[in-house]
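Understanding the architecture of this molecule
Below, each chain spelled out in residue letters.
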Amino acid sequence: MNHPTRRHPMVKSADRVFEILELFERERRSMRVAEIAQQLNLPQSSVSMLLKTLVERGYMDFDPQGRGFCPSVRVAFMGEWIAQAPGQSRSLQDALHELAARTGEKVLLGRQSGLFVQYVSTVEPVGVRQLRVPPGTLRPLHRCAIGIVLLSQLEDEQIRQLLHRYNALCAKTGGARADIERALRSAESARRQGYYESAELATPGAGAIATLLPTCVRGQRLALGVAAPTARLHQHRSGFLPAVLAAARLC
């Protein structure tokens, strides 16, 4: 007598994640938990838990107003290199790798995720391991160069509202409050210059040079930057800055 194979809970969860992603591929729109659960004939509690995990890991976006979920731009970048044929024009990931090779430093690509920056992709030069910042890492918007340039696209009042919300969160969690006036000055500097250079904002002894990408991805602005130990960043600034700006223009 043949017995049905019992699937390990981890395998079952993995299956469900792929079912969710495949559903979004078919529908190509934002969807709520109940609709996803109904279409896939899955328990709503399980779908809700999986979606929450995907949001936390940066693979899913959640719209608190519409209560809808949608795969994030991080999902799009993960497999971009697979579908690219030899000789095809370069992708955004190619540009990040070229910038890392040109500067010899870590390259970061980030987007705004609520009150934070999320690094969608991080690239290191071949054979180099430095400044551990894995994809999916979150940083407060006002505490990193990529966050400052993302803030620079907003009006000052929008920045104030975001940072007031951040400070309210810190009041509950005990985190360090944002200096709103300082953040506004930094955002204005980024607007004026077209880039922002930080020193020890996110990581002691390290800094970054960052700028906005000229085009949006799924309606979101992205920013890229080169991160390095502060002394090396200052020493090679004359080469790093034009390399960052050129890479952004070509993306």
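Up top you'll find the structure we're talking about.
Rules used throughout
- Residues numbered from 1 in each chain as written.
- Predicted model: local features only at pLDDT ≥ 70, side-chain atom pairs only at ≥ 80, totals over all residues.
- Heavy atoms only, no water.
- Helix = DSSP H or I, 4+ residues; strand = E, 2+ residues; numbered from the N terminus.
- Buried < 20%, exposed > 50% of the residue type's maximum accessible area, 1.4 Å probe, protein only.
- Contact = heavy atoms within 4.5 Å.
- Areas by Shrake-Rupley, 256 points an atom, 1.4 Å probe, with all protein chains shown as cover.
- Salt bridge = Lys/Arg side-chain N within 4 Å of Asp/Glu carboxyl O.
- Axes fitted to C-alpha atoms, helices over the stretch in contact; angles between N-to-C directions.
- Parallel < 35°, antiparallel > 145°, perpendicular 65-115°, else oblique.
- Left-handed = near helix turned anticlockwise from the far one by under 90°.
- Core = buried A, V, L, I, M, F, W, Y, C linked by side-chain atoms within 4.5 Å.

**Quick look at the overall build of the chain**
A tally of regular secondary structure across the chain gives 10 helices and 8 strands. By residue count, 45% of the 251 residues in the chain fall in the buried class. In the chain, once contacts between residues fewer than 6 apart in sequence are set aside, the share between residues at least 24 apart is 55%. Approximately 14,200 Å² of the chain is accessible, and the part contributed by carbon and sulfur atoms is 52%.

**Quick word on the pattern of salt bridges**
Throughout the structure, instances matching the rule amount to 9 salt bridges. Residues participating in the shared-partner salt-bridge network are Glu 27, Arg 29 and Glu 35.

**Here's the deal with the environment of Ser 72**
Turning to its location among the elements, Ser 72 is positioned in the loop between β2 (68–71) and α4 (73–78). With relative accessibility at 3%, the residue Ser 72 sits in the buried group. Sequence separation of Ser 72 and Tyr 59 is 13 residues, and the distance between their C-alpha atoms is 5.2 Å.

**Digging into the environment of Tyr 59**
You can see Tyr 59 is positioned in the loop between α3 (44–57) and β1 (60–63). Tyr 59 sits 12 residues away from Pro 71 along the chain, and the two C-alpha atoms are 5.9 Å apart.

**Points about the packing of helix α7 (residues 156–173) against helix α8 (residues 180–193)**
The N-to-C vectors of α7 and α8 enclose an angle of 140°; their axes lie 10 Å apart at closest approach. Accordingly, the angle class assigned to the pair α7 and α8 is oblique. Along this stretch, α7 crosses α8, giving a crossing that reads as right-handed. From α7, Asp 156, Ile 159, Arg 160, Leu 163, His 164 and Asn 167 reach across to α8, where they touch Ile 180, Glu 181, Ala 183, Leu 184, Ala 187 and Arg 191.

**Let's talk about the nonpolar core**
Residues Val 117, Tyr 119, Ile 146, Val 149, Leu 151, Ile 159 and Tyr 196 are the most contacted members of the largest nonpolar core, which totals 32 residues. Secondary-structure elements contributing two or more residues to this core are β4 (116–123), α6 (145–151), α7, α8, β7 (206–217) and β8 (220–229). Ranked by the residues each element gives to this core, the list is headed by α6, at 6 residues. When near neighbours in sequence (up to four residues on either side) are disregarded, Tyr 119 contacts Leu 108, Leu 109, Gly 110, Val 133, Pro 135, Gly 136, Thr 137, Arg 139, Cys 144 and Ile 146. Val 123, Leu 222, Ala 228 and Ala 248 belong to the second-largest nonpolar core, a separate cluster that totals 24 residues.

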